[in-house]
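Structure at a glance
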Amino acid sequence: MGKNKQRVSSKSPKLEAIHTTFKQAFEIKKNPFPWIKALSAGIAAALPVFIGLLFGNFEYGLLAGIGGFSYLYVFNQPYEQRAKKIFFVMWGLSLSVVLGTLLAPYQLGTAIVMGIIGACVFFIFGALNITGPSAIFFVLSFALATGMPIDQSLAPLRGGLVLLGGALSWIICMLGWFYNPHGPETNAVEKVYRELAVFFDSIGTEKFNTARHRTVLAMKQAENTLLAGYSAKRSTDIFKRLFLLNEHANAIFLRVLEISLNNKIVLPPELGKSVQALADSIGSKTKNKSKILQPEQVDKEVEDLFIKIYNADAIMNEPVQKIHQEVLISKPSLKKTIFLGAFDKNSIVFLTSVRYGTILTIAAIIAYSAGFNRSYWVPLSCAAVMSGATIIATFHRAVQRTFGTIIGLLLASLILASVHNEFIIVLIILCLTFITELFIVRNYGLAAMFFTPSALIMAEYSTQSYDFSFFATVRITDIVVGSIIGLAGSLLVGSRSASSLLSHFIAKTIRSQGQFLLMAFSENNRTLTFDESSERSKMQTNMVNLLTVYNTSLGEIFKNKARLESLWPVIFSIEQLGYYLNASLKYSERPVLLEKDLAQLLYVFETMAIAADKDQSSTNKTVPEIEGFSKIRHEILDLQEALQFRGEVSS
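Please read all numbers here as calculations on a predicted model, not as lab measurements. Along each chain, residue indices are assigned from 1 in the same order as the chain's sequence is written. Per-residue local features are limited, in this predicted model, to residues with pLDDT of at least 70; the limit for side-chain atom pairs, both in listing and counting, is 80 or more; totals at the level of whole chains, interfaces and linings are taken over all residues. Heavy atoms throughout the structure, all of them, feed into the side-chain values; hydrogens and water do not.

1. Focus: the overall build of the protein chain
We apply this condition: Only DSSP runs of H or I with at least four residues qualify as helices, and only runs of E with at least two residues qualify as strands; both kinds are numbered from the N terminus onward. Burial classification: accessible surface area is computed with a 1.4 Å probe over protein chains only, and a residue below 20% of its type maximum counts as buried, one above 50% as exposed, and the rest as partly exposed. Residue contacts are counted whenever heavy atoms from the two residues lie within 4.5 Å of one another. Note on areas: Shrake-Rupley with a 1.4 Å probe; residue coverage comes only from the protein chains shown.
Of the regular secondary structure elements, the protein chain holds 24 helices and 0 strands. Burial statistics for the protein chain: of 651 residues in total, 52% are counted as buried. The contacts of the protein chain with a sequence gap of at least 6 include a subset with a gap of at least 24, amounting to 82%. Put simply, the protein chain shows about 30,400 Å² of open surface, and 61% of that area lies on carbon and sulfur atoms.

Laid out in C-alpha cells, this is it:
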C-alpha cells in the first residue's frame, strides 16, 4: 500500500503539469487587435484572386493568392529591412511552388526536400531572430504544389504567378513608407524614453531591477531596429536624430546607474517628468511645449543629468545644422557573427532546425507510405505544431490546432458545399484572412478556426468537389495524425535538449565576457573600434545563444523548476554585464588597468565559468576597481553572488 501511495504521489505533479498545460492552450491573451495589419493581410490574400477572376482565370488567381502569404511576414520592422525581408519571402514562396511542382511525381524526393526547406527556413529565422510564422508558409506553398495536378511543365507559370502575388503584398506592406518612412524606428526610440522615465521613478524602490531590465531590453531593441533601418546610401536627418536620441538615452541610463550606487544622492521627481515629456514629443509633429524646470538646489551629478536631458531635447527640436555630433553606425556581419555562431554544434538554433527538418521528413514519408488522400496535409500539420518555440508551446499548438482545425474544417466544408459564386469566394478569403490576423495575437486555436478554411479553399476549390463528409473526414484525420507526429517527435528529440546545454552556454558566455573586458581595458584598447572587435562579436553571439537556450528550457516538460528559477539571477546579471561591457567600448577614454588587476579579473571570470560549467558553488573573489565604470564591477559582484546561490540550490 505504501508503495502504491508513493507512486500516486510521484505521478500527481506530472499529471497536474499536463492538466495546467492543457488549460493554458485555451487561454485568451489580452494583446491589442492589429486592425490595420489584419485588413492589409486580407487585401493581400484576396486581391490576387480578384484580379485573376477579372481576367477570366480564377485558378490563376488562387495560385497568385499563395504569394499573398508574404504579407503574413510583415511586422513592425523598419521599411529598409521590411523591403528586403518580404522580397526574399516572396521569392522563397515562389521557389517552393516551383520545387513542389517538379518533385510531385517523386514521393521520397518530395518528403526529403520538404524537410530541407523546413530546416533551412527555420534556421534562417532563428539565427536572425526574425519574428514571424517561420517556415510554415514555405512548407505550405511546397505542399500545395505537390497536391496540384501533376504537370512539371507548369512549374515556371505557377512560380511566376506566386511571385506576382508576392509582389502585390510587397507593394501593400511598403505603402506606409510614403507618409511615415521612419515610423518603426520612431516608436522604438519613444519606448526607450518611456521605459527610462519609469526607471527614474523606480530608483530606491522594489521595482528597480525590473525597471532596469525593461530599460535595457528597450534600448537593445531600439538599437537593433535602428541598425535594421540604416542605409549607408540613404541616411536622412530624421534617422540621424533618432540614432543620436537613442545614444543619449544610453548615456543617461549609464550615468544614472553610476549615481544610484551612491546612496547619499537623491534624484528629484522632475527628472522622470522631464524624460516622460521627451517621450511624449518623440514622433510628434509639434514642437515639445512641456517645460520641466529643474529644482533650484541640486547636486552636481543631478545637474549633469538635466543637461543631458536638455541636450536630448535639443537633438529632437533644433535644426539639424546645429547638431554637431557625428553618427557612427556599424552593422554586425551576417556571415561572421550571426550565421557562423548559429552553426555552432551546440547552438540551439542549429539543433532545433535539424530536429524540425528531420521530423517533417518522417511525417511526409509516413503520410505517403500510408496512402493518405492529399498526403501533404499530414506534414503540413506537423510543421505548424512544431513551430512552437518550446515543448510546452508545441503541446499548446497541437491542442489548439486540433480543436481549431475541426471547427475550421466544418466551416470550410459548408463553404465548399454551398458557395459556388467566385466573387463571394474572394470576399470570404478576405474576411477569413482578416479574422485570422486579428485573433492570432490572442490565441492560435481561434486563428486556426479561420486560416484552415482559407487554406482549404485556396487548395481545393479548383477541384470542384463539394463532398461535405469527404473533406471533413479526410482533413480531420490528416491534421490529427500530423499533429501527433509533430508533438511526439518534439517530445522524443527535444524534451530536455535545451536544459542540458545551459551550463555549457553560461560558462562560455562568462568566458567571452572576460576576454572582452581584457580587450576593452588593456593598454591597446584605443586601437580597436566598436565594429572591429572580434571579442565583442563573440560575446554577442554567445549572449544570443544563451538567451535562446534559457527561454527554450523554460518550456520543457517536467523541467527542474527550482534549478531554472535559481538561474534567472545569473542570466539577468550576465545580460546586464554584457550591456555595460558593450556600452564601454563606445567610450574612447577608457582607463588602462594594471596587469595585476587584469589578471585578477580574468581569474574571477574563469572561476565563475568553472563554477557555472560544473553546477558548483564558488567563493566570492576580490574584484578590482575600474575607474569610471563602477557599474561593471558592481555587476560582476552580483554575478558572483547569483552563481553562489545557484550552486547552493544545485547541491
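Don't stop here, the text continues.
2. Details of the pattern of salt bridges
Note the following rule: Any Lys or Arg side-chain nitrogen located within 4 Å of an Asp or Glu carboxyl oxygen qualifies as a salt bridge.
Enumeration according to the criterion identifies 9 salt bridges in this entry. Glutamate 437 is the salt-bridge partner of lysine 37, the closest N and O atoms lying 3.6 Å from each other. Highlighted residues: lysine 37 in helix H2 (residues 35-54) and glutamate 437 in helix H17 (residues 422-439), separated in sequence by 400 residues. Since its relative accessible area comes to 17%, lysine 37 is described here as buried. One salt bridge in this structure joins glutamate 635 and arginine 212, with 2.9 Å as the shortest N-O distance. Separated by 423 residues along the polypeptide, glutamate 635 in helix H24 (residues 630-650) and arginine 212 in helix H9 (residues 208-229) bring together distant segments of the chain. Side by side, glutamate 635 and arginine 212 carry an identical accessibility label, which is buried. A single network of salt bridges, built from pairs that share partners, joins Glu190, Arg194 and Asp280.

3. A short note on the environment of valine 480
Within the secondary structure, valine 480 sits in helix H19 (residues 468-494). A residue is classified by how much of its surface remains accessible, and valine 480, at 29% relative accessible area, is partly exposed. In this structure, the C-alpha to C-alpha distance between valine 480 and cysteine 382, residues 98 residues apart in sequence, is 9.1 Å.

4. Let's talk about the nonpolar core
Generally speaking, a soluble globular protein has its nonpolar side chains buried in company with each other. What counts here: Here the nonpolar core consists of buried residues drawn from Ala, Val, Leu, Ile, Met, Phe, Trp, Tyr and Cys, with membership extended through side-chain atoms lying within 4.5 Å.
With 87 residues, the main nonpolar core has Tyr193, Phe253, Ile510, Ile632 and Ile636 as its most contacted residues. Once residues lying within four places of it in the same chain are set aside, the contact partners of phenylalanine 253 are Leu196, Phe199, Arg212, Thr215, Val216, Met219, Tyr579 and Tyr580. Listed in part, the 79 residues of the second largest apolar core include Phe138, Ala384, Leu456 and Ile485.

5. Digging into unusual backbone geometry
Not every positive phi belongs to a glycine, and serine 134 is a case in point at roughly 55 degrees. Mapped onto the elements, serine 134 comes out in the loop between helix H5 (107-127) and helix H6 (136-147). Serine 134 sits in the buried class, given a relative accessible area of 10%.

6. Looking at the packing of aromatic side chains
Our working rule: Note on aromatic pairs: the rings of Phe, Tyr and Trp (six-membered ring only in Trp) are paired at centre separations within 6.5 Å, and the planes decide the class, stacked below 30 degrees, edge-to-face beyond 60, tilted for the rest. Sitting over a ring, as applied to charges here, requires NZ of Lys or CZ of Arg to be within 6 Å of the ring centre and within 35 degrees of the ring normal.
Tallied over the full model, the rule gives 21 aromatic pairs. Residues tyrosine 73 and phenylalanine 138 carry aromatic rings whose centres are separated by 5.7 Å and whose planes lie at 70 degrees to one another, so their mutual orientation is edge-to-face. Taken together, the residues tyrosine 73 in the loop between helix H3 (58-67) and helix H4 (79-103) and phenylalanine 138 in helix H6 connect sequence positions 65 residues apart. Across the pair, phenylalanine 138 and tyrosine 73 agree in class, each one buried. Of the aromatic side chains, those joined through ring pairs into one cluster are Phe33, Trp35, Phe434, Phe439 and Phe450. Positioned above the aromatic ring of phenylalanine 75, the side-chain terminus of lysine 37 is 3.7 Å from the ring centre. The ring of phenylalanine 33 is capped by arginine 442, whose NZ or CZ atom sits 4.0 Å from the centre of that ring.

7. Observations regarding a nonpolar patch on the surface
Definition in use: A patch consists of residues whose relative accessible area exceeds 30% and which take part in no salt bridge; residues with like charges are grouped when within 9 Å of each other, and nonpolar side chains (Val, Leu, Ile, Met, Phe, Trp, Tyr) when within 5 Å.
A grouping of Phe50, Ile51, Leu54, Phe55 and Phe423 is seen on the molecular surface, where their side chains present a nonpolar patch of about 540 Å² in accessible area. A per-element tally of the nonpolar patch places H2 first, with 3 residues. Relative to the helices and strands, phenylalanine 50 resides in helix H2. Taking relative accessible area as the criterion, phenylalanine 50 reaches 30% and is therefore assigned partly exposed.

8. Concerning helix H23 (residues 595-613)
Formally: A helix is expected to span 1.5 Å multiplied by its residue count minus one.
Compared with the 27 Å implied by 1.5 Å per residue over 19 residues, the 27 Å span of H23 between its first and last C-alpha is a close match. What H23 keeps buried is the set Asp597, Leu598, Leu601, Val604, Phe605, Thr607, Met608, Ala609, Ala611 and Ala612. In the stretch just after H23, aspartate 615 is the one whose phi turns positive, near 55 degrees.

9. Quick notes on the side chain of serine 573
The condition is simple: Definition of a polar contact: a pair of N or O atoms within 3.5 Å, with one able to donate and the other able to accept a hydrogen when the atoms are protein atoms, and with sequence-neighbouring residues admitted only if both atoms are side-chain atoms.
Along the chain, the position of serine 573 falls in helix H22 (residues 561-584). Judged by its relative accessible area of 4%, serine 573 is buried. Of note is the side chain of serine 573, whose polar atom sits 3.2 Å from the side chain of glutamate 635. When neighbours within four sequence positions are excluded, serine 573 is seen to be in contact with Glu635, Asp638 and Leu639.

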